[in-house]
Amino acid sequence: MIQYFSEVFGAFFAILKGMSVTFKTMLKPSITVQYPTEKLVPFSGFRGALLFDAETCISCNQCVKACPSYCIQLENAVNETGKKVAKVAWYSIDFGKCNFCRLCEESCPTKPKAVWHSKDYELTFFRRDEMVRCWKKGFDFVGLYWDRATKDFRKPEGQVQIQTTQERFQY
Amino acid sequence: MSNSPAAPELKSDQLFVNLGPQHPSTHGVLRVGLTIEGEIVVKAVPDIGYLHRGTEKLAELRGYHHCVVISDRWDYLSAMNNNLMFCLAAEKLLKVEVPERAQHLRVAMCELNRIASHLLFFGTFGIDMGAFTAFLHAFREREMVLDLFEMSCGARLTYNYIRLAGVMKDVPDAWVARCREFLEFFKPRLKEYDELLSFNPIFLDRTKGVGAISKAAAVDWGLSGPNLRASGVDYDARKSEPYSGYEKYDFDVPLGGDGDCWDRYYCRVREMHESIKIVEQALAKLQPGPILGKGVAKVPKPVPGEAYVHVEGARGDLGCYLVSDGNMAPYRMHIRAPSFINLAILQEMLVGERMSDVIAILGSIDIVLGEVDR
């Protein structure tokens, strides 16, 4: 009988002790953000979705060899006489395979880098066509994807606008 | 009795229960085929392989730099330790030196990762036991560690930070300051954890004396890491076979007594204390210098030979056996995955336990299915 009540009181005081930690934390400012409406900016050097600059690229194939999942493909451009030049005709990254490991960016010999990681962490795809991003001369850094149904290049949806995101909370 | 996970022939008062593969407390895709007699488990057969990706075979087709990326995907909760383990093995084959700054950075990162991994265990084990608050507290701190990783290498889970003969990139001074800030923030939190969960009578009732592993059984089944140390066996690869300069660090190896669920839990909590000490020492030792050693080609081709390296991962003794035949890819890679070996004891341990304790035991073993199935 005595043991029963001492156990009950013991559990009761343990709950009070635990709740005191909860109450202490309750008075501190919130550290969560309401995600779809508030977005955080990653630190510089974040490995987000890859961007590509077709003007800078010298088509040296280093990134193709550096990629562990073989998700990069490219083709040399040729001039009027049919000779290869140090430019890409097209360049594509399959984001369905990409590991986001930065080996391609590190291997890129050009300055500035022709392929690099953005801070975009919201890579969403609704169809498989959207996963393969393609770049050609005149395309912007984000690139376009080839829609097999309509047979034309389309702009990818679901890219995060880093400008509209908010600063990271400091502890 | 056959060891098949399929439903066996049952006696009239027995019942076959599938735990998983989608059960939340298996922390992944593990199926345990349980035969129960009333409340008591009479047979338990873990069924693994749902997450098998064939990464050991995959490594035979990839270069050594690529394999570091693959190593992130085994134990994704402490990927730094996996990176380190593979890099140490490859460095042994390539016979390259690692600069001192890189060594200290590696140690700091690995210990931070151990903290993050144990915090996740702490949180999820609390949830398994019905204590939800501890989870939120643990994830708040884990978030800070992941922020530190994001700052240093740009990723939050699959780091690819530790590279052959060094690390990916140097950390800024702001990182060191932020890391110290985190450690100062974290120390008093550990006391709160004890109040919240460790010495809560309800939690003690559910874990004390449940699923005890004797010293002999722990050694027989080849357990390692906190599971082994909770049984009172003093074995830690950081002490017995120091790597990456662990011999220069001053830390203790926490040991348990009975080897029950609570001991395994508290062993990990105390390991977080030790990890804080190691990170502090590593930060104090950081001197300016190179972070990447010389002598690693873009496509390394080590001389034919073999190397075995084991490190103390967050879940136990993590080993990598590499065979090189002189080509750009390893001829054979084998991983000694601690989760896989720790999981094996379940079939003996669960027998005779109550159905409601199965989750406590499974949670306290702390497996990561990415590593079990590889």
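## So, the overall build of chain B
So, step 1. Counting secondary structure elements, chain B contains 15 helices and eight strands.
So, step 2. Taking 2.2 N^0.38 as the reference for a compact globule, 374 residues should give roughly 21 Å; the C-alpha atoms of chain B span a radius of gyration of 21 Å, in line with that estimate.
So, step 3. By sequence separation, contacts in chain B at least 24 residues apart represent 73% of the contacts at least 6 residues apart.
So, step 4. Accessible surface, chain B: about 13600 Å² in total, of which carbon and sulfur atoms supply 56%.

## Regarding the domain arrangement of chain A
So, step 1. Taken domain by domain, chain A comprises domain 1 (1-30) and domain 2 (50-164).
So, step 2. Centre-to-centre, using C-alpha coordinates, domain 1 of chain A lies 56 Å away from domain 2 of chain A.

## A look at the pattern of salt bridges
All names here are of chain B.
So, step 1. As enumerated under the stated definition, the model contains 31 salt bridges over all chains in all.
So, step 2. Among the ionic pairs, Arg101 bridges to Asp170, the shortest N-O distance being 2.9 Å. Here Arg101, found in helix H4 (residues 100-128), pairs with Asp170, found in the loop between strand E5 (166-167) and helix H6 (173-198); they are 69 residues apart in sequence, far enough to count as distant.
So, step 3. Taken together, the salt bridges that share partners define one network made up of Glu111, Arg114, Arg229, Asp236, Arg238, Glu271 and Glu312.

## Structural notes on the sheet that holds strand E8 (residues 332-336) of chain B
All names here are of chain B.
So, step 1. Read across the open sheet, the three strands follow the order E6-E7-E8; overall the sheet is antiparallel. In this open sheet, the two strands that pair with only one neighbour each are strand E6 (305-312) and E8. Averaged over all neighbouring strand pairs, the angle between strand axes comes to 10°, with direction disregarded.
So, step 2. Here five bridges tie strand E7 (residues 317-324) to E8, and the two strands are oriented antiparallel to one another.

## Focus: the sheet that holds strand E3 (residues 40-47) of chain B
Residue and element names in this part refer to chain B.
So, step 1. Read from one edge to the other, the open sheet built from three strands follows the order E1-E2-E3, with strand pairing classed as antiparallel. Looking at strand neighbours, the two that pair on one side only are strand E1 (14-19) and E3, the edges of this open sheet. Geometrically, the sheet is characterised by an average inter-axis angle of 20° between neighbouring strands, direction not taken into account.
So, step 2. Bridging between E1 and strand E2 (residues 31-37) involves six bridges; their strand directions are antiparallel. From the neighbouring strand, Val17 faces E2, where its bridge partner is Leu34.

## Some details on unusual backbone geometry
So, step 1. Cis geometry marks the peptide bond from Lys111(A) to Pro112(A), where omega comes out at 0°.
So, step 2. Even without being a glycine, Lys151(A) presents a positive backbone phi close to 55°.
So, step 3. Unlike most non-glycine residues, Lys95(B) shows phi in positive territory, near 55°.
So, step 4. Mapped onto the elements of the fold, Lys95(B) is located in the loop between helix H3 (79-94) and H4.

## Overview of the pairing of E6(B)
Residue and element names in this part refer to chain B.
So, step 1. Where E6 lies against E7, eight bridges are found, and the strand directions are antiparallel. From the neighbouring strand, His310 faces E7, where its bridge partner is Gly319.
So, step 2. Hairpin remark: E6 followed by E7, antiparallel, with four residues in the connecting loop; positive phi at Gly316, about 145°.

So, how was this worked out
Numbers given to residues run from 1 along each chain, matching the order in which its sequence is written. Written order determines the labels here, with chains lettered from A and ligands numbered from 1. A pLDDT threshold of at least 70 governs which residues receive local features in this predicted model, and a stricter bar of 80 or more applies before side-chain atom pairs are shown or counted, although totals over entire chains, interfaces and linings include all residues. Excluding hydrogens and water, the side-chain values take into account all heavy atoms of the structure. Helix numbering and strand numbering both begin at the N terminus, where a helix is a DSSP run of H or I of at least 4 residues and a strand a DSSP run of E of at least 2. For a compact globule the rule gives 2.2 Å times the number of residues to the power 0.38, and the radius of gyration it is set against comes from C-alpha atoms. By definition, residues are in contact when any of their heavy atoms lie within 4.5 Å. Areas reported as accessible are Shrake-Rupley estimates using a 1.4 Å probe. Residue values count occlusion only from the protein chains shown. Start and end positions for the domains come from either an automated domain assignment or a database one. Definition used for salt bridges: Asp or Glu carboxyl oxygen within 4 Å of a side-chain nitrogen of Lys or Arg. Note on pairing: two strands pair once DSSP finds at least 2 bridges between them. Axis lines are fitted to C-alpha atoms, over the contacting stretch for helices. Their N-to-C directions set the angle, which ranges from 0 to 180 degrees.

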